[in-house]
Structure formats: structure tokens, C-alpha cells
Amino acid sequence: MKYAYYPGCTLETAAREYDVSARAVFRELGAELVPIPDWNCCGSSPAESVDYLLSIALPARNLALAEQMGLDIVATCSSCYLSLFKVEKHCQRDPSLRPRLAEILGAAGLTYRGTVRVRHMLDVIANDIGPEKVQARMRRSLRGLRVVPYYGCQTVRPFMEYDGPDLPESMDRLLAAMEADVVPYLYKTRCCGSILITSTKDVGIKLVSDLLAETDGADCVVTVCPLCQMNLDAYQAEVSRKLGRRVNIPVLYLTQLMALAFDLPAQEILLQKNIVSPRPVLEKIGWPAGS
Amino acid sequence: MALQSFNLTREMLDHSFAETVAPDKEKLLTCIQCGTCTASCPTAYAMEYTPRQLWRLIQVGLRDEVLRSDTFWLCTTCYSCTIRCPRGIAVTETMATLKRLSVAEGVEKKDRSARFYETFMDVVRDTGRMHETLLMVRWLLRTNPLQALSFAPLGLALLRRGKMPLRPVSIKGVDQIRAMYAKVREMEQKEEILR
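Everything numeric here is computed off the predicted structure, so don't read it as measured data. (Residues numbered from 1 in each chain as written. Chains lettered and ligands numbered in written order. Predicted model: local features only at pLDDT ≥ 70, side-chain atom pairs only at ≥ 80, totals over all residues.)

### Considerations on the sheet that holds strand E6 (residues 181–182) of chain A
Residues and elements named next belong to chain A.
Then, in step 1: An order of E6-E5-E7-E8 is seen for the four strands of this open sheet, with the pairing classed as parallel. Two strands lie at the open edges of the sheet, namely E6 and strand E8 (251–253), each paired on one side alone.
Then, in step 2: Relative to E8, strand E7 (residues 220–223) runs parallel, the two sharing three bridges. Each bridged residue has a counterpart across the sheet, and for valine 222 the counterpart in E8 is leucine 252.
Then, in step 3: Helix H13 (residues 254–261) rests against E7 and E8 of the sheet, and its axis sits at about 75° to E8. (Pairing = 2+ DSSP bridges. Helix = DSSP H or I, 4+ residues; strand = E, 2+ residues; numbered from the N terminus. Contact = placed C-beta atoms within 7 Å. Axes fitted to C-alpha atoms, helices over the stretch in contact; angles between N-to-C directions.)

See the structure below:
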């Protein structure tokens, strides 16, 4: 198994722990991630809010580079995943788009034939690799750790390529394979507030508060998107004020939790990067060893 | 929300408005006002017009009323409405088109959001990547520098954890990115299409 890896901008900055743990977990599972050389920003949702053609052309440059590698793409960020994935969908829907896209890419000296499949990292771990392999690699059981699986919106919507749109289960299966206690959660795919938390803060905080208010009794939240992780992790002081009670729950990336279950070294988990420290709850699974 | 009435005049109505904003006008015109979009929307509570109300205004052709509203600026592109709409209307995409159109006409209600998106795209043009620190600095300078204070606690938390590198990194192919931006602009001007 070999994939063209598209980390996305955030994984180079605010989500280093996602990048580092994802690479380590893939290596341990025998799947190779080859970074797309000189990849560019996918445009995310701001692109389509500013310029439609750029919202297709920016991700398409990365598809063109992956096509040269002859590999399918794995994206770790849900917004990147959707931006890259939708290029082909839009070209299929609107026949006039493909030649225009070719002209834009041509200005950059690139061509794209449309042969690259775009996958979310969660899809690849859950379906190409599978829970059995994850379980076989486990060195530390997550038994006793009550985990809220939070998928976020663009992880599955709108195209629902590998899981359901409202209550997906691919991450639940992986967590169960590592023997975690998966907490039933109805807000699995409800929006985290995305960039409203910056531009229209009161609404953003309301959305995050709705999500965190339903996590009582859980030890941690697990996500597969850097924007979801940041919104849920970084604003808990504001959320506590809004809810009138203290909310203090660590928000981990799925791959960090997998790295813990695989007993990988601390420098491949980077728990010091999470804003709410996960360390206290990890005592439940005996991490670090000897604690 | 209370029932709102409009004293309609011919000048207020743009009968081709649905065609302008929707990738599939035929579908938008079949909206039955069931309200599934509004019920699915996590930010509808904060909107001037709920999504359901907005579709009706678009069908009627109340162009200015729609473009001046804050509704689409509160869309987080979570696609809950899109997957549930029984008529298959491309709700989320239409919201994005409305953002572009309201900026093109200079009537955007949430100008801070609009400037945020534009600054994001400027940073990508200049470096090939999004860089949170550069984006925030440029955006705050463009909108309200004093607001930087409210972001200080978060900035410090991120800095302490090495999650906020200060220096942006350009990709090698940044000239390709600029060439693509230039080509897109040229095509849009030639075809006279909405960005």
C-alpha cells in the first residue's frame, strides 16, 4: 500500500502532532505515505467564497502532481479532502469546466487527466488497512478509556464516499478494535463552527459549546480534522463561561490515540502539543509506562 | 420569526436571480419550503433570514434583500442541508455563490468575514500555502487591529506549544500559483463571469 500524501497547510503548523502521528501510524501498519512534492494550499472553504475557478484550480494542481507520481491521494484534513475530492465531481457535472481547468493548469505548465482518486485518511485506515490490522499491531489496550468519536462535517459530507452522513461508524470500529470504550454521541458530524470562531466568535463558541456540552462523563474526544481539533481544544475557557460549568476534556487526533495503542515513542505522539493536556486521563491506560 | 411583508415593485424583482446564484436553477425553483434546511442548520438561529426563507426570496427574485442579508455569511459549509434537501438543491454551494455575488456588488453584510476569506486567498497567492499567523496579522490590519488583543491568549497558548510558526514558507512553485491566479482573472474578465 502506497499513497501520495497531502498533509495540508495546518499539519505543518498548528497540527504538527497530527502529521507526525499519522506518518508513524501508517509506517507501523505497513502503508507508505509519499508526500506530494511542493504541494500547495487546497483553497479550503475560503476559495469558493472568493473565486469559483480558483476553488477548483488550487486543489487540481495537487491532483496533477499526484498523477505524475501515479498514486492515489491520502488527505488528513477533512477540508483538504473535500476540496481535492470535489474537483472531479464538478468536472463531471459541468462539461465546460474541464477545458477551462486545463487552460488554468496549462498556465502553470501542468496537465491533469483525471486519474487520481482522493481518499480521507480515516477511509484508508478503516477500509484499506482495517480494524483487524490495527488490533494486531496494538501493544497497549485502550480499555477503560471513554472516547467520544467526533468526525466533523466535511469528513463525510456531502459525498459520503465511505461512511454515512450523520452517524458514521468507521472511527468507532477502529476505536473498538483498540478496546476503547466508545461513547454514544449524537453530534458526531455536527459542525464545529469552522472559521466562524475567528470571524463571528459568538456563533462559533455557541457551536463548540453545543458539542462539548454533550461530552460529560467521557475522558477525551477524538477527531480526524485539524480545524475540529483546534476549535474543540482551544476555546474551552470560553465554553466553560458560556455553559456556566467547567469543561476540561482533552481532544486528541485518532492517529495520536493509535500511536498510544501501538506504544510508539512520545516524540511520535507529541501530546505536549494538545492544549488541554491528555496526560491525566491517559493514566487509565497506563501511559506512560511505570506511571 | 415573524411574518415579513414586502411592498413589491417591479424594480425590486430580478426574475433571473435563481439562475444567477444556483448551479442548478431548475432544482432551486422546486423548493417546497419544507424547512429541512433550516432545521438542519446549526447557525440558522443567528441568521436574519433562515435558509428556507432565503430560497423563497430568491425564487421571488428579491435580489437586494438576499444579497444584503447575513444568512450566507453564517454558513459554515457543513453540508447538513445539502444532503437532506428532498429536492436535491445544492444549498451549500449556493450559499458560497451568494458570498461572491454580494462582494461583487459591494453590499456584503459581514465585511469582516469577507475580508477574512480574501486575505486567506491573498496569502495563498503570495506563498502557495495558508499560514495562520500571516493570515491573522494581515486580516486584523485590514479590519480591526485592536481586535488582536482578543486573540492574544490563544496566540500565546499556540506559541508556547510551537504551533504558531511566525515565518511563512513559500512553496517552490509559487510562480505557478501566481500564473494560475492571473489566468483565472483573465478568463473571468474575458467571459464576463462572476468570480
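### As for the environment of proline 158 of chain A
Then, in step 1: Structurally, the position occupied by proline 158 of chain A is in the loop between strand E5 (146–149) and helix H8 (170–177).
Then, in step 2: Judged by the 22 C-beta atoms lying within 10 Å of it, proline 158 of chain A falls in the buried class.
Then, in step 3: Spatially, the C-alpha atom of proline 158 of chain A lies 9.6 Å from that of lysine 86 of chain A, the residues being 72 residues apart in sequence.
Then, in step 4: Dropping the residues within four chain positions of it, proline 158 of chain A is found in contact with Tyr79, Thr82, Ile83 and Thr92 of chain B. (Buried ≥ 20, exposed ≤ 12 C-beta atoms within 10 Å, placed from the backbone.)

### Comments concerning the domain arrangement of chain A
Residues and elements named next belong to chain A.
Then, in step 1: In terms of domain boundaries, chain A breaks down into domain 1 (2–120) and domain 2 (141–285).
Then, in step 2: A separation of 24 Å is found between the C-alpha centroids of domain 1 and domain 2.
Then, in step 3: Taken together, the contacts link 22 residues of domain 1 with 23 residues of domain 2.
Then, in step 4: The element that contributes the greatest number of residues to the side of domain 1 that touches domain 2 is helix H1 (residues 16–28), accounting for nine residues.
Then, in step 5: Per-class residue counts for the side of domain 1 that touches domain 2 are 12 nonpolar, six polar and four charged. (Domains from an automatic or database assignment. Nonpolar A, V, L, I, M, F, W, Y, C, P; charged D, E, K, R; others polar.)

### Some remarks on the interface of chain B and chain A
Then, in step 1: Every contact between the two is made by 48 residues of chain B and, on the other side, 46 residues of chain A.
Then, in step 2: Of all the elements in the fold, those that place two or more residues in the side of chain B that touches chain A are helix H6 (80–84), helix H7 (91–104), helix H8 (111–127), helix H10 (148–160) and helix H11 (174–191) of chain B.
Then, in step 3: Of the residues in the side of chain B that touches chain A, the class split is 25 nonpolar, 10 polar and 13 charged.

### Examining the confidence of the model for chain B
Low-pLDDT portions of the prediction should not be read for the details of their coordinates.
Then, in step 1: Chain-level statistics for chain B give a pLDDT mean of 93 and a share of 98% at 70 or above.
Then, in step 2: For this predicted complex, the interface score ipTM comes out at 0.96, while the overall pTM is 0.97. (pLDDT = per-residue confidence, 0-100.)

### Here's the deal with H13 of chain A
Residues and elements named next belong to chain A.
Then, in step 1: Most of H13 sits inside the fold, with eight of its eight residues counted as buried.
Then, in step 2: All of the buried residues along H13 are Leu254, Thr255, Gln256, Leu257, Met258, Ala259, Leu260 and Ala261.
Then, in step 3: Aspartate 263 sits one or two residues past H13 and shows a positive phi near 60°.

### Observations concerning H11 of chain B
Then, in step 1: Here H11 of chain B is 18 residues long and its end C-alpha atoms lie 26 Å apart, about the 26 Å a rise of 1.5 Å per residue gives.
Then, in step 2: When H11 of chain B is considered as a whole, its buried residues turn out to be Gln176, Ile177, Met180, Tyr181, Lys183 and Val184 of chain B. In a view along the axis of H11 of chain B, the buried residues occupy a sector of 165°, so they form one face of it. For H11 of chain B, the exposed residues lying more than 90 degrees away from the buried face are Gln189 and Lys190 of chain B.
Then, in step 3: Tucked into the core, H11 of chain B has its buried residues touching helix H3 (52–69) and helix H5 (97–107) of chain A together with H8 of chain B.
Then, in step 4: Immediately downstream of H11 of chain B, the backbone of glutamate 192 of chain B shows phi near 50°, a positive value. (Expected span 1.5 Å × (residues − 1). Arc of directions from axis to C-beta.)

### Comments concerning the pairing of strand E2 (residues 32–35) of chain A
Residue and element names in this part refer to chain A.
Then, in step 1: The pairing of strand E1 (residues 2–6) with E2 spans four bridges and is parallel. Within E2, the position partnered with tyrosine 3 by the bridge is leucine 33.
Then, in step 2: For the crossover from E1 across H1 to E2, the handedness is right-handed. (Right-handed = clockwise from strand over helix to strand, strands pointing away.)

### Quick notes on the nonpolar core
Residues and elements named next belong to chain A.
Then, in step 1: Counting residues in hydrophobic clusters, the biggest one holds 165 residues, and the most contacted among them are Tyr6, Ala57, Ile73, Ala75, Leu84 and Val222.
Then, in step 2: In terms of residue count, H3 provides more of this core than any other element does, 11 residues in total.
Then, in step 3: Sequence-distant contacts of valine 222, defined by excluding residues within four places in its chain, comprise Val147, Val148, Pro149, Tyr150, Met171, Leu175, Leu252, Leu254 and Leu257. (Core = buried A, V, L, I, M, F, W, Y, C linked by C-beta atoms within 7 Å.)

### Remarks on the sheet that holds E1 of chain A
Residue and element names in this part refer to chain A.
Then, in step 1: One open sheet holds the four strands; their spatial order is E2-E1-E3-E4, and the pairing between them is parallel. Looking at which strands have only one partner, the edges of the open sheet turn out to be E2 and strand E4 (118–120). Averaged over all pairs of adjacent strands, the angle between their axes in this sheet comes to 40°, without regard to strand direction.
Then, in step 2: Each of E1, strand E3 (73–75) and E4 touches helix H4 (residues 78–93); the most contacted strand, E4, lies at about 160° to it.
Then, in step 3: Sitting on the sheet, helix H6 (residues 121–129) is in contact with E1, E3 and E4, with an inclination near 80° to E4.

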